[in-house]
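What follows is each chain in one-letter form.
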Protein chains: 2
Amino acid sequence: MQERQGGVIESRAVRMNKTAMRKRANLRDVAAEAGVSVATVSRVMNSPATVAPATRERVEGAMRRLQWVPSAAARAINSGRTRFVGALVPTLDSDIFARVLANLEQGLTAQRLSLVVATTDDDPDIELAKARALLDIGAEGLIVSGMTRSPDFDELVARARLPVIAISCHDPDYRMPTIGYDNHGAALAALSHLTGLGHRRIAVLHGPLRNDRTQRRVLALQGQGDADLTFHETTLSTAGGCQAVRGVLSGRRPSAILCLSDVIAAGAMAEVQRHGLRIPDDMSVMGLDDLPGSAHLYPALSTIHLPVSRMGRAVADALAGWVERDEKPDPQLLDHELVVRASTGPCR
Amino acid sequence: MQERQGGVIESRAVRMNKTAMRKRANLRDVAAEAGVSVATVSRVMNSPATVAPATRERVEGAMRRLQWVPSAAARAINSGRTRFVGALVPTLDSDIFARVLANLEQGLTAQRLSLVVATTDDDPDIELAKARALLDIGAEGLIVSGMTRSPDFDELVARARLPVIAISCHDPDYRMPTIGYDNHGAALAALSHLTGLGHRRIAVLHGPLRNDRTQRRVLALQGQGDADLTFHETTLSTAGGCQAVRGVLSGRRPSAILCLSDVIAAGAMAEVQRHGLRIPDDMSVMGLDDLPGSAHLYPALSTIHLPVSRMGRAVADALAGWVERDEKPDPQLLDHELVVRASTGPCR
DNA sequence: ACGCCAACTGTAACCAGTTACATCTGCAGA
DNA sequence: TCTGCAGATGTAACTGGTTACAGTTGGCGT
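Chemist: Sorry if this is basic, but what is going on with the protein's contact with DNA strand D here?
Modeler: Taken together, 27 residues lie near DNA strand D, and L27, R28 and S42 of chain A together with S37 and T55 of chain B sit nearest. Backbone sugar and phosphate groups make up 54% of those atoms of DNA strand D lying within 4 Å of the protein. One of the side-chain nitrogen or oxygen atoms of N26 of chain A is found 2.9 Å away from a phosphate oxygen of DNA strand D. Note that a phosphate oxygen of DNA strand D is positioned 3.1 Å from one of the side-chain N or O atoms of W68 of chain A.

If you want it as structure tokens, here you go:
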């Protein structure tokens, strides 16, 4: 390295000098500066009461002079604990995951754990790679989304004997504990609200099928013969909702639009209104998620409430218990709930 | 500690047994298992080419048998690097910060750095505490939001000689580099769009003033004498927008509503329409942020675009450069931009 | 004046890796 | 046959903390 920097002596000297300046002081330096032993310095940090006040002050002075900050790595090497867990989510750019993580972070903080986030873009290979990276930096546990895994993922987890929890889904037989809601059932609940209102011809708008949560929702509906459903895949965004609605309205018009995500519903509602149609008089729109904003759209969106915040908390507690006390959590199913607001009404 | 657990011999034995079972194999164990030295095992990890293939296989076999995963802490202690930085944001439960973090995370990942997130709830004391925690676990750099700091924060940063960047704001004279947009200017741009359309009586809806970005926006407007502005503080949410609008419409009705955040605008628009008013014919609504969804509301929201994604990227690059190559970044101002859509029109 | 104990401090081993340097082997070239 | 050297491996000293154990000191009781 030095060779590669090579060349002028002066530049090397500057470099080294800079390096020397930057070098963080360590325990030994502080001990020397204060004229005490390393043990005493360590004690000032960890059990100040056992150190004579005068000595303590001398040590604290030395710490300040040398701008000493203890090394976490060194601490970790002794305790074997890093006190952080990793969360692998498809994207941060989504209300849902932001809310999960917000609650997760709060819950973990309460247990004195930190949260490292990594995004996978719903790609199992990226998930695997990032999981490796998280383990390399010492994650004590992982949170993954859904149930689509790379084949190597399990081996990795088994090797590290790592606490891992899958969220946003539910399956008691899955090889790791799941904490989440029933995507299948939630989709059915949404549909039955619409059919209960008399709707038969219904357009179903959903995000990319690579996402297994979306897939479950779609699959649940495909089995339903008593309604005339047409499926429209689009992107998981308001823009996607708008675009899909343009396609829907250009064909044989349904009486209701069922969006398998609220973000899509928000875009869909806007676009429906832009076409001069009234909601719910001319067209019912149903969501699924219940984002905080959905109650305050115009009109307020009927949807299925998913207990996302509760899930974040539950996951935090479960993972903390597993990491801290080796208590492997049981799978946990959180109920969804039909929320009827203003965007759905009787057919015609 | 053992004393505290105390009591029955059997229970102690169980404990120890469990501990022994859980104890992760280390380099020495692997070396013994493979019948080689620690150096050879280490070389298998770091420079496999220098190890004889037969030996390498033997070592790899031992690693697999013992399910060995290298300790990040031990690695970190040698390299002095933890390869992660911390981000302190007011909340994760916001489109804005989710988007910033999404881009930040991507940018950092490209530089092989991880991101630890912590939320501060806009409280300088929490920020300080969480910053301490992040440093304790070895963060190599920090990202903070805005310019409101606890007095002790600076000392902490100086002590650790820590790269810290403040985002979502701009001030070249601030004691740490800022990367963000001009909140003052953005608020003025929003206002002048409305006054340019002839609006004079304008209700200004904004989030809590404890947030210094909000404060800057409000302060910028308070200096403007040529318009009749009434200020309404509410929560930073669509619900807040709804609620504030109810207050606005119960009094002397303005011709336009200027929301200093798009989330508030979304709620405001919904509530305005719920009162039977048309946008923009009866009431103009202006936002500030330009969330991805704002273009797909009904009507599409006129707003000021803040380069949030670009900011995330820029911060990632800047912080990575500082951490990796000791290049302290220059303050960076990212331009905002007026986006005129369908929610604003001429007065009356 | 002596012993004892508490309060304080120091020494050195330890955690789990990396790596400079030393050693050992075997084969090619003189 | 001896030298030289490359390739493979081992030894031990680091990294920066914690902590068990071993001193040292001084005050108090007898």
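Chemist: How do you make sense of the sheet that holds strand 6 (residues 201-206) of chain A when you look at a structure like this?
Modeler: What holds strands together in a sheet is hydrogen bonding between their backbones, with the strands either parallel or antiparallel. All names here are of chain A. With parallel pairing, 4 strands are arranged side by side in an open sheet as 7-6-8-9. In this open sheet, the two edge strands, each paired with only one partner strand, are strand 7 (228-233) and strand 9 (284-286). Direction aside, neighbouring strands of the sheet carry axes that sit 20° apart on average. Relative to strand 8 (residues 256-259), strand 6 is paired through 4 bridges, and the arrangement is parallel. Note that in strand 8 the partner of A203 across the bridge is I257. Helix 12 (residues 238-250) contacts strand 6, strand 7 and strand 8 of the sheet and is inclined by roughly 150° relative to strand 6.

Chemist: Just to check I follow, could you spell out the interface of chain A and chain B for this structure?
Modeler: Interface extent is often summarised as the accessible area lost during association of the parts. Across the boundary between the two partners, chain A contributes 54 residues, which contact 54 residues of chain B. The shortest N-O distance in the salt bridge between E105 of chain A and K130 of chain B comes to 3.0 Å. Summed over the shared surface of chain A and chain B, the result is 10 residue pairs in polar contact (both at pLDDT 80 or more). Elements with a minimum of two residues in the side of chain A that touches chain B: helix 2 (9-22), helix 6 (72-79), helix 7 (95-110), strand 2 (114-119), helix 8 (124-136), helix 9 (151-160), helix 12 and helix 13 (262-274) of chain A. Here the side of chain A that touches chain B gets 7 residues from one element, more than from any other, and that element is helix 7 of chain A. Tallied by class, the residues present in the side of chain A that touches chain B amount to 28 nonpolar, 11 polar and 15 charged.

Chemist: Help me understand the relation of the copies chain A and chain B, please; the structure alone is not making it clear to me.
Modeler: Mapping between the two chain copies consists of a rotation about an axis together with a translation along that axis. Of the transformation placing chain A onto chain B, the axial shift is 0.1 Å and the rotation is 180°, giving an RMSD of 0.2 Å. Viewed as a symmetry operation, the transformation between the two copies matches a two-fold axis.

Chemist: What is the right way to read the confidence of the model for chain A from this model?
Modeler: Close reading of the predicted structure is inappropriate where its pLDDT is low. Residues of chain A with pLDDT of at least 70 account for 93%, and the chain-wide mean is 89. This model gives residues 1-22 of chain A a pLDDT under 50, and the stretch forms 7 contacts once residues within four places in sequence are excluded.

Chemist: What should I look at first to understand the domain arrangement of chain A in this one?
Modeler: Residues and elements named next belong to chain A. Segmenting chain A into domains produces domain 1 (2-70), domain 2 (82-181 + 309-334) and domain 3 (183-306). Put simply, domain 2 and domain 3 have 1 salt bridge between them. As a salt-bridge pair, R213 and D122 come within 3.9 Å of each other at their nearest N and O atoms. At the surface where domain 2 touches domain 3, the tally comes to 6 residue pairs in polar contact (both at pLDDT 80 or more). Split into classes, the residues belonging to the side of domain 2 that touches domain 3 amount to 6 nonpolar, 5 polar and 5 charged.

Chemist: When you look at the packing of helix 10 (residues 183-196) of chain B against helix 11 (residues 212-222) of chain B in this model, what are you seeing that I'm missing?
Modeler: Two quantities define a packed helix pair, namely the angle between the axes and the distance from one axis to the other. Residue and element names in this part refer to chain B. Two elements in contact, helix 10 and helix 11, have axes whose closest approach is 8 Å; the angle formed by their N-to-C orientations is 50°. Taken together, the axes of helix 10 and helix 11 are oblique relative to one another. As helix 10 runs across helix 11, the sense of the crossing is right-handed. Of helix 11, the residues touching helix 10 (which contributes N183, H184, A187, L188 and L191) are R213, R216, R217, A220 and L221. Tallied by class, residues from the contact of helix 10 with helix 11 come to 5 nonpolar, 2 polar and 3 charged.

Chemist: Honestly, the pairing of strand 8 of chain A in this entry has me stumped. Any pointers?
Modeler: Walk down a regular strand and you will see the side chains alternate between the two sheet faces. Residues and elements named next belong to chain A. Of the two faces of strand 8, both are covered, the one formed by A256 and L258 as well as the one formed by I257 and C259. Alignment of strand 8 against strand 9, held across 3 bridges, turns out to be parallel. Bridging across to strand 9, L258 finds its partner in M286.

Chemist: Before we go on, may I ask you to explain the protein's contact with DNA strand C in this structure?
Modeler: DNA strand C sits among 25 residues. The nearest are T55 of chain A together with L27, R28, S42 and N78 of chain B. Taken together, the sugar and phosphate atoms account for 56% of what DNA strand C places within 4 Å of the protein. A distance of 3.1 Å separates a base oxygen of DNA strand C from a polar atom in the side chain of N78 of chain A. Taking W68 of chain B, its side chain carries an N or O atom lying 2.8 Å from a phosphate oxygen of DNA strand C. Mapped by element, the contributors of at least two residues to the surface near DNA strand C are helix 4 (38-46) and helix 6 of chain A together with helix 3 (27-34), helix 4 (38-46) and helix 6 (72-79) of chain B. For the surface near DNA strand C, the leading source of residues is helix 4 of chain A, giving 4 residues. Class assignment for the residues of the surface near DNA strand C results in 12 nonpolar, 10 polar and 3 charged.

Chemist: I'm lost on the environment of N211 of chain B in this one. Help?
Modeler: All names here are of chain B. With respect to the helices and strands, N211 occurs in the loop between strand 6 (201-206) and helix 11. We classify N211 as buried; its relative accessible area is 9%. For the pair N211 and T148, spaced 63 residues apart in the sequence, the C-alpha separation amounts to 8.1 Å. Polar contacts involving the side chain of N211 include one to the main-chain amide nitrogen of T214, which spans 3.1 Å.

Chemist: Where do I start with the packing of helix 3 of chain B against helix 4 of chain B in this structure?
Modeler: Residue and element names in this part refer to chain B. With their axes 8 Å apart at the nearest point, helix 3 and helix 4 run at an angle of 105° to one another. Taken together, the axes of helix 3 and helix 4 lie roughly perpendicular to each other. Within the contact between the two elements, helix 3 uses L27, R28, V30 and A31 and helix 4 uses V38, V41 and S42. Of the residues that constitute the contact of helix 3 with helix 4, the class distribution is 5 nonpolar, 1 polar and 1 charged.

Chemist: Is there a simple way to think about the environment of P208 of chain B in this case?
Modeler: All names here are of chain B. Of note, P208 is situated in the loop between strand 6 and helix 11. Residue P208 is classed as partly exposed on the basis of its relative accessible area of 31%. Residue contacts for P208: discarding those within four places in its chain leaves T214, E233, T234, T235 and L236.

Chemist: What should I look at first to understand the pattern of salt bridges in this one?
Modeler: Opposite charge on two side chains permits pairing when their charged atoms draw close. Residues and elements named next belong to chain A. All told, the structure shown has 32 salt bridges over all chains when counted by the stated rule. Across the salt bridge formed by R278 and D282, the nearest N and O atoms sit 3.2 Å from each other. Through salt bridges that share partners, R81, R83, E140 and E324 make up one connected network.

Chemist: What should I look at first to understand the packing of aromatic side chains in this one?
Modeler: A ring pair, where both rings are aromatic, is described by two values, the distance of the centres and the angle of the planes. Counting across every chain of the model gives 1 aromatic pair over all chains. Note on F84 of chain A and F84 of chain B: the rings are 6.5 Å apart at their centroids and 45° apart in plane angle, and the pair reads as tilted. Of this pair, F84 of chain A sits in strand 1 (residues 84-89) while F84 of chain B sits in strand 1 (residues 84-89), placing the two residues on different chains. Classification of F84 of chain A as buried rests on a relative accessible area of 4%. Of note, R149 of chain A hangs over the ring of F153 of chain A, and the distance from its end group to the ring centre comes to 5.5 Å.

Conventions and cut-offs
Residues numbered from 1 in each chain as written. Chains lettered and ligands numbered in written order. Predicted model: local features only at pLDDT ≥ 70, side-chain atom pairs only at ≥ 80, totals over all residues. Heavy atoms only, no water. Near = heavy atom within 4 Å. Polar contact = N/O pair within 3.5 Å; in protein donor to acceptor, adjacent residues only side chain to side chain. Pairing = 2+ DSSP bridges. Helix = DSSP H or I, 4+ residues; strand = E, 2+ residues; numbered from the N terminus. Axes fitted to C-alpha atoms, helices over the stretch in contact; angles between N-to-C directions. Contact = heavy atoms within 4.5 Å. Salt bridge = Lys/Arg side-chain N within 4 Å of Asp/Glu carboxyl O. Nonpolar A, V, L, I, M, F, W, Y, C, P; charged D, E, K, R; others polar. Least-squares fit on C-alpha atoms with pLDDT ≥ 70 in both. pLDDT = per-residue confidence, 0-100. Domains from an automatic or database assignment. Parallel < 35°, antiparallel > 145°, perpendicular 65-115°, else oblique. Left-handed = near helix turned anticlockwise from the far one by under 90°. Buried < 20%, exposed > 50% of the residue type's maximum accessible area, 1.4 Å probe, protein only. Phe/Tyr/Trp six-rings, centres within 6.5 Å; stacked < 30°, edge-to-face > 60°. Lys NZ or Arg CZ within 6 Å of the ring centre and 35° of its normal.

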